[in-house]
Amino acid sequence: LSTSFTPKPTRNTFQRQFTTSSTMASAAKDVTPVIVGGGISGLATAAALQNIAGVSCQILETCTLDEFKNNKAGAGAQLGPNGLKALRAIGGEELMQQCIEKGSVLKGNAIVVPGMPEPMVIPDTTEEETGLPQVFIRWGLLRELLSDQLDDGCEIL
């Protein structure tokens, strides 16, 4: 059995909390964020911090520079309209368009069912419904596009 006591907030408590939050916010500007991993998520986070919040960071990556620069690495990633909108927010219309141009716009899916003579073809209506396509892009190309967003203030270690 445990009990806890929460003091009733007073004006002084609010003032102390506000001052602490303000002090912490200004101190945070002096801190360099460290991102673990230079994959798609790590690079997207770094680009967003830089391009949206104006914060430079460090990325910790285990692969060599040659491995990191290999745009043929990895399988692929499928980006729907929300993924493309996220890229637009991170790097503008240009980044989103580069992803569409370097990837393959999906027009539908074919499902091969064992025992069926022909694949089942399902057309994709995403672009008509949302104005943005579904794109399949090689993982290494997407990583290259995101890393190109980073300026010299972001270090990849």
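Computed from a predicted structure; not experimentally measured.

(A) Broad picture of the sheet that holds strand β8 (residues 155-156). The parallel open sheet is built from three strands, whose spatial order is β1-β2-β8. Lying at the two open borders of the sheet, with one neighbouring strand each, are β1 (34-36) and β8. Helix-sheet contacts for helix α2 (residues 40-53) involve β1, β2 (58-60) and β8, and the interaxial angle to β1 is about 160°.

(B) Highlighting helix α4 (residues 81-102). Over its 22 residues, α4 runs only 16 Å from end to end, short of the ideal 32 Å by more than 12%, given 1.5 Å per residue. The sharpest bend along α4 reaches about 135° and sits at G91. Listing the buried residues of α4 in full gives P81, L84, L87, I90, L95, M96, C99 and I100. Where α4 is buried, its residues touch α2, β3 (76-79), β4 (104-105), α5 (126-130), β7 (135-138) and α6 (139-147).

(C) Representation of the pattern of salt bridges. Under the definition given, this model contains three salt bridges. For R88, the salt bridge is made with E93, and the minimal N-O distance between the two is 3.1 Å. Residue class for E93 comes out partly exposed when judged on its relative accessible area of 41%. Where E144 meets K102, a salt bridge forms, and the shortest distance between an N and an O atom there is 4.0 Å. Residue E144 is found in helix α6, and its partner K102 is found in helix α4; the two are separated by 42 residues along the sequence.

(D) Layout of the sheet that holds β7. Pairing is antiparallel across the open sheet formed by three strands, whose spatial order is β3-β7-β4. Two strands in the sheet have a free side with no partner beyond their single neighbour: β3 and β4. Across four bridges, the pairing between β3 and β7 is antiparallel. Directly across from L79, in β7, lies its bridge partner V135. With respect to the sheet, α4 is in contact with β3, β4 and β7, its orientation differing from that of β7 by roughly 75°.

Thresholds, definitions, all that
Residues numbered from 1 in each chain as written. Predicted model: local features only at pLDDT ≥ 70, side-chain atom pairs only at ≥ 80, totals over all residues. Heavy atoms only, no water. Pairing = 2+ DSSP bridges. Helix = DSSP H or I, 4+ residues; strand = E, 2+ residues; numbered from the N terminus. Contact = heavy atoms within 4.5 Å. Axes fitted to C-alpha atoms, helices over the stretch in contact; angles between N-to-C directions. Expected span 1.5 Å × (residues − 1). Bend = angle between axes of the 7 residues up to and from the residue. Buried < 20%, exposed > 50% of the residue type's maximum accessible area, 1.4 Å probe, protein only. Salt bridge = Lys/Arg side-chain N within 4 Å of Asp/Glu carboxyl O.

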